Amino acid sequence: MKNIFKNFIILFLISLVSCNGPEEKKINSDNKAITQNEISFEVDTTNSSIEWVGTMVGIYKHNGLIAINEGNLSWTGNSFNKGKFTINMNSITQLDTLYKTVENKLVRHLESADFFDVINYPTAFFTITESNSEKNSITGNLTIRGITNSETVSEIVFDKEQETVSGIISFDRQKYGVFFKGSSKDMLISDVIDLKINLKLIK
């Protein structure tokens, strides 16, 4: 009787080990695969920028650059699934020469409370919430003047060899309180502002 009980215990322990062992290995293997597939990048702020484009309806366009303070992105499989970057609103410049003055009147006006109010809101943010590899786009929360809306970055191009990524956000400035307050001239400005994002990445 003792031998039968002893053999039963031995068989039970063997079956227990054989059941748990492969499963633990499988879990560990899966976790390792997930870690290997995710590539994390920091944004090289010195060699990255955002070009803004604003349009006077049916007349002309202005464009310029905005710097990035910091940022990071994570690439998994075939898309960027996580990431965030911070925009320095005090760095607005004008590239076109139309009506450009020594005093930078256009830039000073964009920095004022009529538009981006950079004294009170010196930074803007974009945080990825989801990605769509089929449409070659990502969606995230854009925050300007302390107001957050969901926006989509389209036409994403990721050069793995050069470690660069680009894309375009087109947003309605009115949703962020960016308008020429108390002036009918605001009607001459397109509500849509384009941000052409060009990022240099560092592993």
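**Student:** Please explain the overall build of the chain as it appears in this structure.
**Tutor:** Along the chain, the regular secondary structure elements total 2 helices and 9 strands. Its helices and strands taken in sequence order, the chain reads α-β-β-β-β-α-β-β-β-β-β from the N to the C terminus. Burial statistics for the chain: of 203 residues in total, 34% are counted as buried. Sequence-distant contacts, at least 24 apart, represent 59% of the contacts inside the chain between residues at least 6 apart.

**Student:** So what exactly am I meant to see when it comes to the packing of aromatic side chains here?
**Tutor:** Both the distance between ring centres and the angle between the ring planes are used here to describe each pair of aromatic rings. Taken as a whole and judged by the stated rule, the model has 8 aromatic pairs. Ring geometry for W75 and F158: centres 4.6 Å apart, planes at 50°, overall tilted. Here W75, found in strand β3 (residues 60-76), pairs with F158, found in strand β7 (residues 147-159); they are 83 residues apart in sequence, far enough to count as distant. Over the ring of F179 we find K181, and its NZ or CZ is 4.6 Å from the ring centre.

**Student:** Could you clarify how one ought to interpret the environment of E111 in this entry?
**Tutor:** Examined against the element boundaries, E111 turns out to sit in helix α2 (residues 105-111). Each C-alpha atom, one on E111 and one on M89, is 7.8 Å from the other, the two residues being 22 residues apart in sequence. Not counting the four nearest positions on each side in its chain, E111 is found in contact with N90, F116, D117 and V118.

**Student:** Which parts of the structure should I look at to understand the pairing of strand β5 (residues 123-132)?
**Tutor:** Every other side chain in a regular strand lies on the same face of the sheet, so the side chains alternate between the two faces. Where strand β4 (residues 79-88) meets β5, 5 bridges bridge the pair, whose relative direction is antiparallel. Within β5, the position partnered with K84 by the bridge is T127. When β5 meets strand β6 (residues 137-144), the two strands line up antiparallel, connected through 7 bridges. Across the sheet, the residue bridging to E130 is T139, located in β6. Once β5 ends, the chain turns through 4 residues before running back antiparallel as β6, passing N136 with a positive phi of about 55°.

**Student:** Would you mind going over the pairing of strand β9 (residues 192-202) with me for this structure?
**Tutor:** The side-chain alternation of β9 yields one buried face, formed by I193, L195, I197, L199 and L201, and one unburied face, formed by V192, D194, K196, N198, K200 and I202. In the sheet, strand β2 (residues 49-56) pairs with β9 via 5 bridges, with the strands oriented antiparallel. When the bridges of β9 are listed, V53 appears paired with D194. Both strand β8 (residues 164-172) and β9 contribute to a ladder of 9 bridges, which runs antiparallel. Of the residues in β9, the one forming a bridge with I168 is K196.

**Student:** Which parts of the structure should I look at to understand the nonpolar core?
**Tutor:** For soluble globular proteins, nonpolar side chains are generally found buried alongside one another. Judged by nonpolar contacts, the single largest core of 40 residues is most densely connected at F80, F116 and L201. Here this core gets 5 residues from one element, more than from any other, and that element is β9.

**Student:** What exactly am I supposed to notice about the confidence of the model for the chain here?
**Tutor:** Atom-level detail of predicted coordinates should not be read off regions where pLDDT is low. The predicted model of the chain has a mean per-residue pLDDT of 86, with 82% of residues at 70 or higher. Note on residues 21-35: pLDDT is under 50 here. Beyond four places in sequence and across chains, it has 1 contact.

**Student:** What is the right way to look at unusual backbone geometry in this model?
**Tutor:** Excluding glycine, a negative phi dihedral is what most residues carry, and trans is how most peptide bonds are arranged. Phi at D117 is positive, roughly 45°, even though this residue is not glycine. Residue position: D117 is located in the loop between α2 and β5. We note that N136 has phi near 55°; this positive angle belongs to a residue other than glycine. For N136, the location among the structural elements is in the loop between β5 and β6.

**Student:** Explain the side chain of D117 here, please?
**Tutor:** One buried charged residue, D117, remains without a salt bridge, the closest side chain of opposite sign being R145 at 4.2 Å. If we ignore the near neighbours within four places in the chain, the residues touching D117 are L110, E111, S112 and R145.

Conventions used here
Residues numbered from 1 in each chain as written. Predicted model: local features only at pLDDT ≥ 70, side-chain atom pairs only at ≥ 80, totals over all residues. Heavy atoms only, no water. Helix = DSSP H or I, 4+ residues; strand = E, 2+ residues; numbered from the N terminus. Buried < 20%, exposed > 50% of the residue type's maximum accessible area, 1.4 Å probe, protein only. Contact = heavy atoms within 4.5 Å. Phe/Tyr/Trp six-rings, centres within 6.5 Å; stacked < 30°, edge-to-face > 60°. Lys NZ or Arg CZ within 6 Å of the ring centre and 35° of its normal. Pairing = 2+ DSSP bridges. Core = buried A, V, L, I, M, F, W, Y, C linked by side-chain atoms within 4.5 Å. pLDDT = per-residue confidence, 0-100. Lys, Arg positive; Asp, Glu negative; His and termini not counted. Salt bridge = Lys/Arg side-chain N within 4 Å of Asp/Glu carboxyl O.

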